[in-house]
Amino acid sequence: GGEVHTHDHHHHEQLEGEQKEGEGHYHSEKIHTLYNHEGMGVSASRKEAVHFINVFSRKHEQAGIKSPDEDLILLFLSVDSRLKEFDDDNRTWLDDVTDALILSPSIKQNQDIRNKFPSGAKKDSKVDTKTKDGTMQPSNAVSFAVDTSSSDTEGNVEIHSSHVGETLSFDQRLRPRPSSATGQQLALSNGESYPTPLTQSASALRLRTYNAFPASDEALASHYSADLELSFNLWMCADGIDVLASSYARVVVDPVILSSSEKDISGPLAARIVSAWMSGHGDDVYADKILRAVAERSAQDSIIGMTKDHSMSDRKILVDKIKVLNDMLVRISSEAKHSSSFPTGLGQKCRPFSWYAQNVHPQNDFHEEEDLNDAKKKAWMNGPITKQEGDTDENNIPSKPLNEENMAIISKASPVNIKYVDASGGHVEHPHKGATDENGKFGYVHDETFLIKNPPTFEIKDDKDRRVLCKKGDPNYQMLTKKVFVDLPNHEAAEKRAEHGLAKKGRAKIFCLVYTIEKNHHTIPAIKETWGKKCDGFMVASTKTDRELGTVNIPHEGPEEYNNIWQKVRSMWSYVYDNYYEKYDWFHIGGDDLYLIVENLRLYLESEEIQLASNGGQYLPNGSEETQTPLFLGRRFAEGGNLDRIFISGGSGYTMNKATLKTLVVDGLPKCRPHFHTFSEDVMVANCLRQRNILPYDTKDEAGGERYMPFAPGHHLNYHPPKNPKDDWYSNYSINCKWGIDHCAAKSVAFHYIKGDLMRRMYAILYHYC
């Protein structure tokens with residue numbers, strides 16, 4: 001149905017019984033308009049419901065009850081949805097929606113998508129975003145976050161919460177599919193709101209916005225087809241749709257209420273939408289691909305299982321069927337233009353579909369996307385199918401494959417059995433001699449959990465300290481407030497899933513290793529106070545053991561000097577492997593000027609991409625694997641610009657899974673120049689792993705931003721390469737980088753050269769102490 005709410009555009013008028021300022025505000029009763037979607041279709045029913053609301057609005061204006069300047073808010077709520085209840089007497093979904101549609105401080109930040117116009121598009125086709133007083137108008141629609149419910153045989157209901165960043169989009173056949181907001185979109189509002197290509201089960205918008213829509217096709221009878229048109233109206237003819245993630249604007253959907261046909265789109269309705277929204281402006285190419293994809297799927301569905309001999313004549317039947325169906329859809333698309341409720345003139349009133357495809361829905365390249373069943377159907381066309389070794393449960397099939405470069409990288413490495421094997425040789429010689437206690441006695445084993453057991457509290461000491469930490473305007477502050485953020489919503493959601501046993505496996509356990517020397521021990525308290533306490537295991541390898549500080553003396557071959565860090569790291573990794581290998585999933589190393597955003601690192605390591613890569617790139621792991629594909633993660637550098645000698649910069653550190661650590665310590669270190677003295681331990685580790693076909697993995701995010709940074713945030717904001725990149729070592733070593741604010745991933749993992757107050761300052765800014 002539709003819900004309408006009268007609300008003053010600029011202020012709340014004091015009504016009888018309304019709470020005073022500071023106590024929340026009063027909302028009058030809502031008007032519910034229930035429509036019969038089964039009798040006349042969803043699109044036509046919505047149109048009739050809004051017609052009633054317009055009559056209601058005019059009558060109230062004539063009676064002096066409502067001012068013409070007041071806004072009315074429509075809520076389209078699907079019949080399978082209910083508004084989620086919260087234990088808060090002072091605020092409801094309506095307050096959050098009103099703030100978003102009237103005030104919209106965070107949603108305004110997503111205007112960059114909406115303001116991109118293709119050449120030739122008319123500026124006046126977009127709803128004017130300026131009010132008379134020069135302020136920004138609100139976003140035109142809000143899509144509610146969607147949780148789902150399920151019940152067991154005894155009637156017990158369980159609510160499954162959605163994750164921050166979840167959106168809805170469609171595939172090349174216009175069928176709905178789940179999708180995700182990009183890291184950059186989440187960063188703009190710190191995950192509080194983000195654009196979605198399609199509305200979901202509940203959408204709120206202003207009445208004036210709906211009345212201005214140029215398209216209202218009454219033939220779109222199903223819920224999904226009506227929502228598809230609503231979404232196209234909002235994106236191509238208005239200011240788009242945003243999900244409010246951190247709000248009360250949330251619904252619970254019972255997935256069994258609506259039939260599958262209501263949640264999908266038929267071929268004829270797809271043809272009708274294509275005809276309306278993909279004509280002119282070069283959009284015919286999209287129309288042709290979509291209709292072809294719909295025809296192919298329909299033909300395959302109708303023929304699979306009908307015959308079994310896979311003869312050439314049977315394959316020809318399928319090809320002919322596709323052509324017949326495609327011709328039929330093209331005819332429906334053409335004839336739709338002459339029907340009574342068909343929207344016309346969209347090319348003059350709205351942005352073209354090509355704009356939507358490139359700016360709102362770039363994930364869909366409108367080429368055929370094969371899932372497992374698609375592949376088997378295509379194989380049927382070309383010959384019989386036999387069950388292949390490795391056919392697996394559908395839960396282990398990834399939502400998308402690895403990119404070609406990373407697939408090529410991991411394909412070179414052999415899987416490693418991750419069972420621990422003793423490589424210590426009795427701890428007699430370096431690099432396995434171990435650590436010494438405070439008295440210099442070997443055999444000391446550090447308690448790597450000491451910090452997580454007793455984490456120090458981060459505090460801003462006084463006003464002077466606050467002025468230093470919260471100083472605004474400099475490049476570091478700009479990068480940490482305009483781009484980089486800690487993905488706390490998804491981190492907290494993952495923590496809750498793990499706590500309640502809802503996750504497939506527990507959270508990734510990370511061991512963090514820092515190297516230093518005694519004269520730099522003054523840098524360690526800041527690390528412990530900020531990011532160190534977030535690691536599952538934490539240790540500082542040094543030249544002196546201090547249990548309270550967490551430093552451990554790990555002797556190594558040769559002198560303790562900068563030009564011998566390779567030997568220091570050999571002993572450090574050997575000590576970690578000997579004592580902690582079986583307890584942890586991932587191991588990260590860096591110097592005492594490293595800053596690690598552990599929440600972002602953990603989410604990245606738990607991501608489908610990294611889980612898929614660690615399992616060979618074909619299927620996701622199920623948790624019972626005894627082997628693992630080695631992964632070597634960090635900021636890739638091409639040594640001297642040579643792409644055949646890529647290593648990982650030691651500045652922001654590198655991250656290894658169990659397979660890589662075991663390969664390095666057990667097989668690599670005894671053979672990789674074991675007595676060589678050099679400072680370039682990062683190059684040495686990479687060379688050693690390269691000899692074993694383990695290459696640095698490209699850790700850029702989906703927007704091309706780097707996750708591991710070799711300098712401080714402000715340096716990356718301001719750095720731009722010289723005209724000839726080879727004239728500067730950094731640009732010469734860098735591989736396919738973006739520069740300026742786009743250099744850093746929104747969910748960056750690590751930074752280097754974080755010294756002095758900058759360590760605590762980064763923490764204060766990133767975790768909202770300022």
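Below: a short report on this structure.

Some thoughts on the overall build of the chain
- Looking only at helices and strands, the chain features 27 helices and 28 strands.
- Counting all 770 residues of the chain, 55% fall into the buried class.
- A sequence separation of at least 24 residues applies to 78% of the contacts in the chain between residues at least 6 apart.
- Counting only carbon and sulfur atoms, one obtains 50% of the accessible surface of the chain, whose full area is about 35400 Å².

Focus on the sheet that holds strand 13 (residues 250-253)
- Ordered by their spatial adjacency, 4 strands build an open sheet running 4-13-6-7, and the pairing between neighbours is mixed. Every interior strand has two partners, whereas the edge strands, strand 4 (81-83) and strand 7 (157-160), have only one. With direction set aside, neighbouring strand axes in the sheet form an average angle of 30 degrees.
- Note that strand 6 (residues 145-151) and strand 13 share 4 bridges and pair parallel. Residue threonine 148 lies in a different strand from strand 13, and its bridge partner there is valine 253.

Quick look at the environment of serine 247
- Relative to the helices and strands, serine 247 resides in the loop between strand 12 (242-244) and strand 13.
- According to the relative accessible area criterion, serine 247 is buried, its value standing at 15%.
- Excluding its chain neighbours within four sequence positions, the residues that come into contact with serine 247 are Phe86 and Asp96.

A few points about the packing of helix 7 (residues 223-236) against helix 8 (residues 267-277)
- Interhelical geometry of helix 7 versus helix 8 gives an angle of 15 degrees and a closest axis separation of 11 Å. When the interaxial angle is binned, helix 7 and helix 8 end up roughly parallel. In this structure, helix 7 crosses over helix 8, and the sense of that crossing is right-handed. In contact with Ser225, Leu228, Glu229, Phe232, Asn233 and Met236 of helix 7, helix 8 contributes Leu269, Ile273 and Trp277.
- Counted by class, the contact of helix 7 with helix 8 contains 6 nonpolar, 2 polar and 1 charged residues.

Quick word on helix 27 (residues 758-766)
- Helix 27 sits mainly inside the fold: 9 of its 9 residues count as buried.
- If you check which residues of helix 27 are buried, you get Leu758, Met759, Arg760, Arg761, Met762, Tyr763, Ala764, Ile765 and Leu766.
- Taken together, the buried residues of helix 27 touch helix 16 (463-469), helix 17 (475-482), helix 19 (524-529), strand 21 (595-596), helix 25 (713-718) and strand 28 (750-751).
- Positive backbone phi, at 65 degrees, marks histidine 768, one or two positions downstream of helix 27.

Observations regarding the pairing of strand 13
- Residues Arg250 and Val252 line one face of strand 13 and the alternating positions Val251 and Val253 line the opposite face, and both faces are buried.
- Sheet topology places strand 4 next to strand 13; 3 bridges connect them, and they run antiparallel. From the neighbouring strand, arginine 82 faces strand 13, where its bridge partner is valine 252.

Considering the state of the cysteines
- Evaluation of the coordinates by the stated rule reveals 4 disulfides.
- Each sulfur of the disulfide joining cysteine 237 and cysteine 350 lies 1.9 Å from the other. Its S-S torsion of about 100 degrees marks the bond between cysteine 237 and cysteine 350 as right-handed, since a negative value means left-handed. With cysteine 237 in the loop between helix 7 and strand 12 and cysteine 350 in the loop between helix 11 (346-349) and helix 12 (353-359), the pair connects residues that are 113 residues apart, well separated along the chain.
- A relative accessible area of 4% places cysteine 350 in the buried class.
- Among the cysteines of the chain that take part in disulfides, numbered as they appear in the sequence, the pairing is 1-2, 3-8, 4-5, 6-7.

Focus: the side chain of serine 574
- With respect to the helices and strands, serine 574 occurs in helix 20 (residues 565-580).
- The residues touching serine 574, leaving out its near neighbours within four places in the chain, are Pro431, His432, Val665 and Leu669.

A few points about unusual backbone geometry
- In this structure, proline 431 follows histidine 430 across a cis peptide bond, with omega equal to 10 degrees.
- Note on placement: proline 431 falls in the loop between strand 14 (416-417) and strand 15 (435-436).
- Positive phi, normally seen in glycine, also occurs at tyrosine 753, with a value near 60 degrees.
- Along the chain, tyrosine 753 turns up in the loop between strand 28 and helix 27.

Description of the environment of glycine 634
- By secondary structure assignment, the location of glycine 634 is in strand 23 (residues 632-634).
- On the basis of relative accessibility, which here comes to 1%, the residue glycine 634 falls in the buried class.
- Leave out the neighbours within four places in its chain, and glycine 634 touches Ile648, Gly653, Tyr697, Thr699 and Tyr708.

Details of the nonpolar core
- Judged by nonpolar contacts, the single largest core of 60 residues is most densely connected at Trp531, Phe538, Tyr595, Tyr697 and Leu766.
- Considering each element in turn, this core owes the most residues, 7 residues, to helix 27.
- When neighbours within four sequence positions are excluded, tyrosine 595 is seen to be in contact with Thr530, Trp531, Val749, Ala750, Phe751, Ile754, Met759, Met762, Tyr763, Leu766 and Tyr767.
- Listed in part, the 55 residues of the second largest apolar core include Leu174, Val274, Ile290 and Ala336.

Things to note about the packing of aromatic side chains
- Scanning the model with the defined rule gives 38 aromatic pairs in all.
- Here phenylalanine 170 and phenylalanine 232 contribute two aromatic rings whose centre-to-centre distance is 6.1 Å and whose plane-to-plane angle is 70 degrees, an arrangement assigned as edge-to-face. Taken together, the positions of phenylalanine 170 in strand 8 (residues 166-170) and phenylalanine 232 in helix 7 put the pair 62 residues apart, joining distant regions of the chain.
- Considering the side-chain rings of phenylalanine 511 and tyrosine 580, the 4.9 Å spacing of their centres and the 25 degrees angle between planes classify their relative orientation as stacked. Of this pair, phenylalanine 511 sits in strand 17 (residues 510-515) while tyrosine 580 sits in helix 20, and the two are 69 residues apart along the sequence.
- On the accessibility criterion, phenylalanine 511 (0% relative accessible area) is buried.

Cut-offs used in this document
- Residues numbered from 1 in each chain as written.
- Predicted model: local features only at pLDDT ≥ 70, side-chain atom pairs only at ≥ 80, totals over all residues.
- Heavy atoms only, no water.
- Helix = DSSP H or I, 4+ residues; strand = E, 2+ residues; numbered from the N terminus.
- Buried < 20%, exposed > 50% of the residue type's maximum accessible area, 1.4 Å probe, protein only.
- Contact = heavy atoms within 4.5 Å.
- Areas by Shrake-Rupley, 256 points an atom, 1.4 Å probe, with all protein chains shown as cover.
- Pairing = 2+ DSSP bridges.
- Axes fitted to C-alpha atoms, helices over the stretch in contact; angles between N-to-C directions.
- Parallel < 35°, antiparallel > 145°, perpendicular 65-115°, else oblique.
- Left-handed = near helix turned anticlockwise from the far one by under 90°.
- Nonpolar A, V, L, I, M, F, W, Y, C, P; charged D, E, K, R; others polar.
- Disulfide = S-S within 2.5 Å.
- Core = buried A, V, L, I, M, F, W, Y, C linked by side-chain atoms within 4.5 Å.
- Phe/Tyr/Trp six-rings, centres within 6.5 Å; stacked < 30°, edge-to-face > 60°.

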